[in-house]
Amino acid sequence: MKLFDVYPINPISITKAMGSSVWDDNGTQYLDLYGGHAVISIGHTHPHYVDMLKRQLDRIGFYSNSVEMPLQRELAEKLGRVSGKEDFELFLCNSGAEANENALKLASFHTGRKKIVSFSKAFHGRTSLAVAATDNPAIVAPVNETDNIIFSAFNDEEALEQVFATQGHQIAAVIIEGIQGVGGIREASVSFLQAIRRFCDQYGAIYIADSVQCGYGRTGLFYSHDYAGVEADIYTMAKGMGNGFPIGAISVSPKFKASYGMLGTTFGGNHLACAAAIAVLDVMEQDDLMSNAAKVGDYLIEKLRAFDQVLEVRGRGLMIGIELPAELASVKKDLLMKNKIFTGEAKPNVIRLLPALNLSIAHADQFLAAFAEQLQAQQVTA
Ligand SMILES: Cc1ncc(COP(=O)(O)O)c(C=O)c1O
């Protein structure tokens, strides 16, 4: 059997990883500033994480949500504390798309309404409703198409006001990334997030903060949406939560009332997934990784803004987008092939940095030197 060929891949096979480094099968070392789509939060192969998973596997790896799960309660307690939402409640699942799917369903159950507001360039995942709320027709199958999604312009308060004025009483939820990731590292403005809160309160709609990529401490606050000083009704999360172990979740405000069977999953919240997520929060707390993300992120953003050839540097903390002109389109590939540094991209020409939250200043400097070298090389060739 061959693999179903849906991914354009780099010709590199990673066989070992530690911290912010990975090694290929020839023993070549790379600096990882991408963490496999923003997933590696506490660094690859972190000793506490490895130890917790190994010990858990020796005891029990999996049982379903039909028995007592003390590990889930421990995770909920820690997550409530670290995220500053101790009065919220936790539902565990397996991925970002699933988290958003559950959040949207919960909003619809709660309000009895069908319409969802999403924004231009949004990405919310590939399951049915999440992909319908994603602004990319190429990945929406005919079966996913629905009239229930209303797209409005990102960061445009007047357009949103108009949507609410005309359809407000049909709207179940507004879903928004605090910083759009796939859309090119574009931050929702403070006043826009405050307006969402206001309209949701006025019309009885639910504010869903998609924190799958921008959350889990990456920007220096646990949820980047919270920079706006208003609270969402549901926060969705995944990526950094398990440092590579598949786990997702929604954190739900006390206004929602749970009932048996309303939401459910076979694998979500299993013993191994909880052990992974608890280990991540342990390390985040012990090593104060949110402060480090803010510090190293500020440093990188300031240095990157000093390069003349860079059109714009966007983002917060360790979620950074570097917009380059079209003639510098090969910089990302050269950073990988020549300088051995993994970065991400967003179309048309944005380099995305999404490293582990314990990235050091020395690693940031290594990247800045390589970036300067590539910009210089392109100028010479041009
Ligand atoms: C903002 C956002 N939401 C949802 C998702 C979907 O997450 P997953 O791929 O885990 O389903 C992603 C994935 O990139 C994302 O960036």
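Reading the values: rules and limits
Residues numbered from 1 in each chain as written. Predicted model: local features only at pLDDT ≥ 70, side-chain atom pairs only at ≥ 80, totals over all residues. Near = placed C-beta within 6 Å. Helix = DSSP H or I, 4+ residues; strand = E, 2+ residues; numbered from the N terminus. Nonpolar A, V, L, I, M, F, W, Y, C, P; charged D, E, K, R; others polar. Domains from an automatic or database assignment. Contact = placed C-beta atoms within 7 Å. Pairing = 2+ DSSP bridges. Axes fitted to C-alpha atoms, helices over the stretch in contact; angles between N-to-C directions.

### As for the site of the ligand
Taken together, 15 residues lie near the ligand, and Gly 96, Ala 97, Gly 125, Val 212 and Gln 213 sit nearest. No other element matches helix H4 (residues 96–111), which puts 3 residues into the shell around the ligand. Considering only residue class, the shell around the ligand consists of 5 nonpolar, 8 polar and 2 charged.

### Let's talk about the domain arrangement of the protein chain
Domain parsing of the protein chain yields domain 1 (14–46 + 288–381) and domain 2 (47–286). If you look at the interface, domain 1 gives 25 residues, while domain 2 gives 29 residues. Among the elements of the structure, helix H1 (35–38), helix H9 (289–305), strand S13 (312–316), strand S14 (319–323) and strand S17 (350–353) are those that each provide at least two residues to the side of domain 1 that touches domain 2. It is H9 that contributes the most residues to the side of domain 1 that touches domain 2, 5 residues altogether. Grouping the amino acids of the side of domain 1 that touches domain 2 by side-chain chemistry returns 14 nonpolar, 8 polar and 3 charged.

### Points about the sheet that holds strand S5 (residues 115–119)
In spatial order, the strands read S4-S12-S11-S10-S7-S5-S6; together these 7 strands make up an open sheet with mixed pairing. Sheet topology places strand S4 (89–93) and strand S6 (149–152) at the edges, where each strand pairs with a single neighbour. For this sheet, the mean angle separating the axes of adjacent strands, direction not counted, is 20°. In the sheet, S5 pairs with strand S7 (residues 171–177) via 3 bridges, with the strands oriented parallel. Paired with Ile 116 across the two strands is Ala 173, which belongs to S7. Its contacts with the sheet place helix H6 (residues 157–167) against S5, S6 and S7, and it is angled at close to 150° to S6.

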